[in-house]
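# Secondary and tertiary structure notes
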Amino acid sequence: MYKNYEDKLNTILSNAKGEKPTKINLSKMDDIEEAISRAFGLEDFVEEAIDEAQTQAIRARDIVRFDMNDAIVEAEGLLDEFEADVKELGIDLPARAKQLRKQIEDAESLQKDLERRIRDI
């Protein structure tokens, strides 16, 4: 059956191009269908990967919002207490305390950056 279609198609193509008939392998259509089937068959794997990615994104968001935030708030509270104690004693704030304040600010900046990156996922 394919042979009749192949001959007819070759005749049409040769007349259209003014060249001698070109052999067309119609079995390639089966190969194309198989490749398309493989593409659709991958949907379940992609859906599973998306679910895993969403789960990990939620986990990352919770770590940043709760664990990281708690650590920053704790550090800031302790530094505030330390600065108040130093002020009460009437002595100069050590340079290390200023460095710690900068590190807290850097941690807050990192937290915001991580939250943005998680939202972008």
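Residues numbered from 1 in each chain as written. Predicted model: local features only at pLDDT ≥ 70, side-chain atom pairs only at ≥ 80, totals over all residues. Heavy atoms only, no water.

Below, the discussion takes up the environment of Ala60. The residue Ala60 is located in helix α3 (residues 43–89) in this model. Ala60 gets classed as partly exposed once you look at its relative accessible area, which sits at 27%. Taking the C-alpha atoms as reference points, Ala60 and Ile118, separated by 58 residues in sequence, lie 7.3 Å from one another. (Helix = DSSP H or I, 4+ residues; strand = E, 2+ residues; numbered from the N terminus. Buried < 20%, exposed > 50% of the residue type's maximum accessible area, 1.4 Å probe, protein only.)

Here the focus is the pattern of salt bridges. One pass over the structure, following the stated rule, counts seven salt bridges. We note a salt bridge from Arg38 to Glu34, for which the minimum N-O separation is 2.5 Å. Taken as a pair, Arg38 and Glu34 lie in helix α2 (residues 28–41) at a separation of four residues, close to a single helical turn. We note a salt bridge from Arg101 to Glu76, for which the minimum N-O separation is 3.8 Å. Of this pair, Arg101 sits in helix α4 (residues 95–120) while Glu76 sits in helix α3, and the two are 25 residues apart along the sequence. On the accessibility criterion, Arg101 (18% relative accessible area) is buried. For Glu76, a relative accessible area of 26% corresponds to the partly exposed category. (Salt bridge = Lys/Arg side-chain N within 4 Å of Asp/Glu carboxyl O.)

Nothing here speaks to function; it is all geometry.
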